[in-house]
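Fold and contact review
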Amino acid sequence: MFKGSKVYSIATNTCPKCNVGSFFKTNNPYDLKNFDKINEYCQYCGESFLREPGFYIGAMYVSYALSVALTVISFVGFVILLNVDIYYVLAVLIPAIIVLLPVLFRTARIIWINFFVKYDPEKAALATEKRNLANP
Ligand SMILES: [Zn+2]
(Lines give C-alpha, C1' and ligand atoms only; values in the text may rest on other atoms or scores of the structure.)
Protein backbone atom coordinates (compact mmCIF):
# COMPACT_ATOMS: atom_id res chain seq x y z
CA MET A 1 0.00 0.00 0.00
CA PHE A 2 1.71 3.22 -1.23
CA LYS A 3 5.16 1.92 -0.23
CA GLY A 4 7.64 4.73 -0.67
CA SER A 5 5.14 7.42 0.28
CA LYS A 6 4.77 9.50 3.41
CA VAL A 7 1.29 8.00 3.90
CA TYR A 8 2.86 4.53 4.14
CA SER A 9 5.42 5.72 6.70
CA ILE A 10 2.72 7.45 8.80
CA ALA A 11 0.18 4.61 8.58
CA THR A 12 2.71 1.89 9.45
CA ASN A 13 4.94 3.90 11.90
CA THR A 14 8.02 3.12 9.83
CA CYS A 15 11.17 5.07 9.03
CA PRO A 16 10.41 7.89 6.54
CA LYS A 17 13.67 7.26 4.66
CA CYS A 18 13.44 3.48 4.04
CA ASN A 19 9.88 2.52 5.10
CA VAL A 20 11.35 -0.59 6.74
CA GLY A 21 12.61 0.13 10.28
CA SER A 22 10.24 0.93 13.16
CA PHE A 23 10.02 4.54 14.27
CA PHE A 24 8.69 3.79 17.77
CA LYS A 25 10.08 1.27 20.26
CA THR A 26 6.61 -0.27 20.67
CA ASN A 27 3.78 -0.62 18.17
CA ASN A 28 1.14 -0.39 20.92
CA PRO A 29 0.05 3.23 21.56
CA TYR A 30 -1.61 2.14 24.82
CA ASP A 31 1.59 0.73 26.33
CA LEU A 32 1.55 3.85 28.52
CA LYS A 33 5.12 3.47 29.82
CA ASN A 34 6.65 3.26 26.36
CA PHE A 35 4.20 4.70 23.83
CA ASP A 36 6.29 7.90 23.44
CA LYS A 37 9.69 6.20 23.09
CA ILE A 38 11.29 6.70 19.70
CA ASN A 39 14.19 4.60 18.40
CA GLU A 40 17.37 6.66 18.26
CA TYR A 41 18.24 5.44 14.75
CA CYS A 42 16.53 3.37 12.08
CA GLN A 43 17.83 -0.15 12.63
CA TYR A 44 17.99 -0.77 8.86
CA CYS A 45 19.13 2.46 7.15
CA GLY A 46 20.68 4.36 10.08
CA GLU A 47 18.50 7.48 9.72
CA SER A 48 18.54 9.47 12.97
CA PHE A 49 15.10 9.85 14.54
CA LEU A 50 16.31 12.04 17.43
CA ARG A 51 17.62 14.69 15.09
CA GLU A 52 18.34 17.54 17.52
CA PRO A 53 17.18 18.67 20.97
CA GLY A 54 13.66 20.06 20.75
CA PHE A 55 13.03 18.72 17.26
CA TYR A 56 9.63 17.30 18.20
CA ILE A 57 8.34 20.56 19.73
CA GLY A 58 6.98 21.31 16.25
CA ALA A 59 4.94 18.11 16.46
CA MET A 60 2.73 19.90 19.01
CA TYR A 61 1.34 22.03 16.19
CA VAL A 62 0.60 18.91 14.18
CA SER A 63 -1.07 17.34 17.23
CA TYR A 64 -3.18 20.46 17.68
CA ALA A 65 -4.15 20.41 13.99
CA LEU A 66 -5.17 16.75 14.25
CA SER A 67 -7.35 17.46 17.31
CA VAL A 68 -8.97 20.45 15.59
CA ALA A 69 -9.57 18.40 12.43
CA LEU A 70 -11.22 15.64 14.48
CA THR A 71 -13.41 18.21 16.25
CA VAL A 72 -14.42 20.00 13.04
CA ILE A 73 -15.18 16.73 11.20
CA SER A 74 -17.29 15.53 14.16
CA PHE A 75 -19.09 18.86 14.39
CA VAL A 76 -19.90 18.99 10.66
CA GLY A 77 -20.81 15.29 10.51
CA PHE A 78 -22.98 15.00 13.60
CA VAL A 79 -24.27 18.50 14.40
CA ILE A 80 -24.76 19.93 10.90
CA LEU A 81 -25.43 16.87 8.73
CA LEU A 82 -27.10 14.45 11.19
CA ASN A 83 -28.62 17.16 13.40
CA VAL A 84 -27.44 15.57 16.68
CA ASP A 85 -27.58 17.81 19.77
CA ILE A 86 -24.14 19.44 20.30
CA TYR A 87 -24.04 18.43 23.99
CA TYR A 88 -24.27 14.74 23.07
CA VAL A 89 -21.51 15.23 20.53
CA LEU A 90 -19.28 16.99 23.09
CA ALA A 91 -20.06 14.30 25.70
CA VAL A 92 -18.61 11.70 23.34
CA LEU A 93 -15.96 13.82 21.61
CA ILE A 94 -14.10 15.09 24.70
CA PRO A 95 -13.55 11.60 26.22
CA ALA A 96 -12.73 10.30 22.72
CA ILE A 97 -9.96 12.89 22.30
CA ILE A 98 -8.58 12.03 25.75
CA VAL A 99 -8.60 8.30 24.93
CA LEU A 100 -6.99 9.02 21.55
CA LEU A 101 -4.20 11.19 23.06
CA PRO A 102 -1.45 8.55 22.71
CA VAL A 103 -2.49 7.86 19.11
CA LEU A 104 -2.57 11.59 18.25
CA PHE A 105 0.79 12.14 20.00
CA ARG A 106 2.47 9.39 17.98
CA THR A 107 0.79 10.33 14.71
CA ALA A 108 1.88 13.97 15.17
CA ARG A 109 5.51 12.94 15.70
CA ILE A 110 5.68 10.67 12.69
CA ILE A 111 3.96 13.31 10.52
CA TRP A 112 6.46 15.90 11.79
CA ILE A 113 9.55 13.85 10.89
CA ASN A 114 7.97 13.10 7.50
CA PHE A 115 8.03 16.85 6.79
CA PHE A 116 11.84 16.76 6.93
CA VAL A 117 12.95 13.32 5.75
CA LYS A 118 12.47 12.18 2.15
CA TYR A 119 12.01 8.59 1.03
CA ASP A 120 15.20 7.20 -0.53
CA PRO A 121 14.59 4.20 -2.86
CA GLU A 122 18.27 3.13 -2.77
CA LYS A 123 18.38 3.10 1.04
CA ALA A 124 14.99 1.35 1.04
CA ALA A 125 16.30 -1.45 -1.19
CA LEU A 126 19.37 -1.90 1.04
CA ALA A 127 17.21 -1.77 4.19
CA THR A 128 14.78 -4.37 2.80
CA GLU A 129 17.72 -6.65 1.92
CA LYS A 130 19.20 -6.18 5.42
CA ARG A 131 15.83 -6.99 7.05
CA ASN A 132 15.34 -10.09 4.89
CA LEU A 133 18.83 -11.32 5.83
CA ALA A 134 18.12 -10.75 9.53
CA ASN A 135 14.69 -12.46 9.40
CA PRO A 136 14.91 -15.29 6.85
ZN1 LIG B 1 15.20 3.54 7.77
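Residues numbered from 1 in each chain as written. Predicted model: local features only at pLDDT ≥ 70, side-chain atom pairs only at ≥ 80, totals over all residues.

Quick notes on the overall build of the protein
Each helix and strand counted, the protein has five helices and zero strands in total. In the protein, the succession of helices and strands from N to C terminus is α-α-α-α-α. For the protein, with 136 residues in total, the buried portion stands at 18%. Across the protein, every contact between residues at least 6 apart in sequence was considered, and the portion connecting residues at least 24 apart equals 60%. (Helix = DSSP H or I, 4+ residues; strand = E, 2+ residues; numbered from the N terminus. Buried ≥ 20, exposed ≤ 12 C-beta atoms within 10 Å, placed from the backbone. Contact = placed C-beta atoms within 7 Å.)

Observations concerning the nonpolar core
Grouped together as the largest cluster of nonpolar side chains are twelve residues: Cys 15, Cys 18, Val 20, Phe 23, Phe 24, Cys 42, Tyr 44, Cys 45, Phe 49, Ile 110, Ile 113 and Ala 127. Apart from residues lying up to four places away in sequence, Phe 24 is in contact with Asn 13, Lys 37, Ile 38 and Arg 106. (Core = buried A, V, L, I, M, F, W, Y, C linked by C-beta atoms within 7 Å.)

Quick word on the confidence of the model for the protein
Mean pLDDT over the protein: 93, with 99% of residues reaching 70 or higher. At the low end of the mean pLDDT range in the protein sits helix α5 (residues 121–134), at 91; at the high end sits helix α4 (residues 101–116), at 96. (pLDDT = per-residue confidence, 0-100.)

Things to note about the packing of helix α2 (residues 59–81) against α4
When two helices pack together, their arrangement is given by the angle between their axes and by how far apart the axes lie. Two numbers describe how α2 lies on α4: the axes approach to 8 Å, and their chain directions differ by 125°. Looking at the two axes, α2 sits oblique to α4. Relative to α4, α2 is oriented so that their crossing is right-handed. Across the interface between the two elements, Ala 59, Val 62, Ser 63, Leu 66 and Ser 67 of α2 pack against Leu 104, Phe 105, Thr 107, Ala 108, Arg 109, Ile 111 and Trp 112 of α4. In terms of residue class, the contact of α2 with α4 is made up of eight nonpolar, three polar and one charged. (Axes fitted to C-alpha atoms, helices over the stretch in contact; angles between N-to-C directions. Parallel < 35°, antiparallel > 145°, perpendicular 65-115°, else oblique. Left-handed = near helix turned anticlockwise from the far one by under 90°. Nonpolar A, V, L, I, M, F, W, Y, C, P; charged D, E, K, R; others polar.)

Observations regarding the packing of α2 against helix α3 (residues 86–99)
Across the interface, α2 lies against α3 with an axial gap of 11 Å and an inter-helix angle of 150°. In this view, α2 runs roughly antiparallel relative to α3, as classed from their interaxial angle. Of the two possible hands of crossing, α2 and α3 adopt the one that is right-handed. For the pair formed by α2 and α3, the contact residues are Ser 67, Leu 70, Thr 71, Ser 74, Phe 75, Phe 78 and Val 79 on the first element and Ile 86, Val 89, Leu 93 and Ile 97 on the second.

Let's talk about unusual backbone geometry
The phi torsion at Asn 13 lies on the positive side, around 55°, for a residue other than glycine. Position of Asn 13 among the secondary structure elements: in the loop between α1 (6–12) and α2. With a phi close to 60°, Asn 83 is a non-glycine residue in the positive phi region. Of note, Asn 83 is situated in the loop between α2 and α3.

Describing α2
For α2, spanning 23 residues, the distance from its first C-alpha to its last is 31 Å, which sits close to the expected 33 Å at 1.5 Å a residue. Note on α2: the residue one or two positions beyond its end, Asn 83, has a positive phi of about 60°. (Expected span 1.5 Å × (residues − 1).)

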